[in-house]
Amino acid sequence: MPSSSKGQLTMEKTPSYFVTREVPCRIYSMSKDTKLIVVVRNPVTRAISDYTQTRSKKPDIPSFESLTFKNMSAGLIDTTWSAVQIGMYARHLERWLQFFPMEQLLFVSGERLITDPAGEMARVQDFLGLQRVVTEKYFHFNPAKGFPCLKRPELNTKPHCLGKTKGRIHPNIDPEVMRTLRDFYKPFNKKFYKMTGHDFGWD
Ligand SMILES: Nc1ncnc2c1ncn2[C@@H]1O[C@H](COP(=O)(O)OS(=O)(=O)O)[C@@H](OP(=O)(O)O)[C@H]1O
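Notes on the structure follow. Quick caveat: nothing in here was measured; it's all calculated off a predicted structure. (Residues numbered from 1 in each chain as written. Predicted model: local features only at pLDDT ≥ 70, side-chain atom pairs only at ≥ 80, totals over all residues. Heavy atoms only, no water.)

**Some points on the pairing of strand E1 (residues 36–40)**
A regular strand places its side chains on the two faces of the sheet in alternate fashion.
Reasoning step 1: Of the two faces of E1, the one holding Leu36, Val38 and Val40 is buried and the one holding Ile37 and Val39 is not buried anywhere.
Reasoning step 2: Across five bridges, E1 lies against strand E4 (residues 105–109) in parallel orientation. If you follow Val39 over to E4, its bridge partner there is Val108. (Buried < 20%, exposed > 50% of the residue type's maximum accessible area, 1.4 Å probe, protein only. Helix = DSSP H or I, 4+ residues; strand = E, 2+ residues; numbered from the N terminus. Pairing = 2+ DSSP bridges.)

In structure tokens:
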């Protein structure tokens, strides 16, 4: 990572860091003052989104329902399937807390990033010790996409929306499987809310 000069912040984005075992120790060795931001969303929706992304590249993969279970009739969930495992946020956070205090971590709500992007960005800017520059006027809700897009209020340019690979339509999942997954995540979510001091409202 390049070092920052006075008045600069160096930022890096890698989604897999949060769930990769070796990473907290490595980042701590590089800089123990690093601030960490993680965007989290309902783990059930996250798993379906993950599956949808994989299926867009490999259309022949088995159904979401069959990948979810180790043993479907026994209702035994396959926690080694990454789409399921990543959403066990409390487990991953426990590893980070062995190296970093909670004050150095910020969990951004993926749901609120869509419904109230300026509100979530205010939290991010406060956390980074920045002035609240990115406010309401930087966002334009695109009803066709169903997501906010970013605009530069000082320029009269078109808003910038995320690309076609974001906001894909998710497949319909068997409601019974959805229920089992929701129940599976409940204790992990509860623990995660307690650890972060923030109820993300997924249950
Ligand atoms: N503004 C805006 N525009 C489009 N999409 C948005 C936006 N804000 C959040 N999202 C949600 O981002 C989800 C895709 O993020 P990913 O985690 O796949 O991104 S990545 O893996 O880091 O590339 C994507 O997930 P899906 O719903 O599965 O498509 C969206 O729900």
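**Describing helix H8 (residues 175–196)**
Reasoning step 1: Spanning 22 residues, H8 covers 30 Å between terminal C-alpha atoms, matching the ideal 32 Å at 1.5 Å per step.
Reasoning step 2: Lys186 marks the point of greatest bend in H8, at about 40°, and the proline Pro187 comes within the next four residues.
Reasoning step 3: By the N-cap criterion, in which a side-chain oxygen at the helix start approaches the backbone nitrogen of a residue two or three places on, H8 is capped by Asp174, the distance to Glu176 being 2.9 Å.
Reasoning step 4: Of the residues flanking the end of H8, it is Gly197, one or two places downstream, whose phi is positive at about 70°. (Expected span 1.5 Å × (residues − 1). Bend = angle between axes of the 7 residues up to and from the residue. Polar contact = N/O pair within 3.5 Å; in protein donor to acceptor, adjacent residues only side chain to side chain.)

**Things to note about the site of the ligand**
Reasoning step 1: For the ligand, the set of nearby residues contains 13 residues, the closest of which are Ser49, Pro148, Lys166, Gly167 and His170.
Reasoning step 2: Between the ligand and the protein, one listed contact pairs a nitrogen atom with a backbone N or O atom of Pro148 at 2.8 Å.
Reasoning step 3: Taking Gly167, its main chain carries an N or O atom lying 2.6 Å from an oxygen atom of the ligand.
Reasoning step 4: Relative to its unbound accessible area of 640 Å², the ligand is 73% covered by the protein chains.
Reasoning step 5: Listed by contribution, the elements that provide at least two residues to the shell around the ligand are helix H2 (43–57) and strand E6 (147–150).
Reasoning step 6: For the shell around the ligand, a count of residues per class yields five nonpolar, four polar and four charged. (Near = heavy atom within 4 Å. Areas by Shrake-Rupley, 256 points an atom, 1.4 Å probe, with all protein chains shown as cover. Nonpolar A, V, L, I, M, F, W, Y, C, P; charged D, E, K, R; others polar.)

**Focus: the packing of aromatic side chains**
Reasoning step 1: For the structure on display, the rule yields 17 aromatic pairs.
Reasoning step 2: Ring geometry for Phe184 and Phe188: centres 5.3 Å apart, planes at 50°, overall tilted. Here the residue Phe184 and the residue Phe188 both occupy positions in helix H8, the gap between them amounting to four residues, near one helical turn. Across the pair, exposure class does not vary: Phe184 and Phe188 are buried alike.
Reasoning step 3: By way of ring pairs, the aromatic residues Phe18, Tyr89, Phe107, Phe192, Tyr193, Phe200 and Trp202 are connected into one cluster. (Phe/Tyr/Trp six-rings, centres within 6.5 Å; stacked < 30°, edge-to-face > 60°.)

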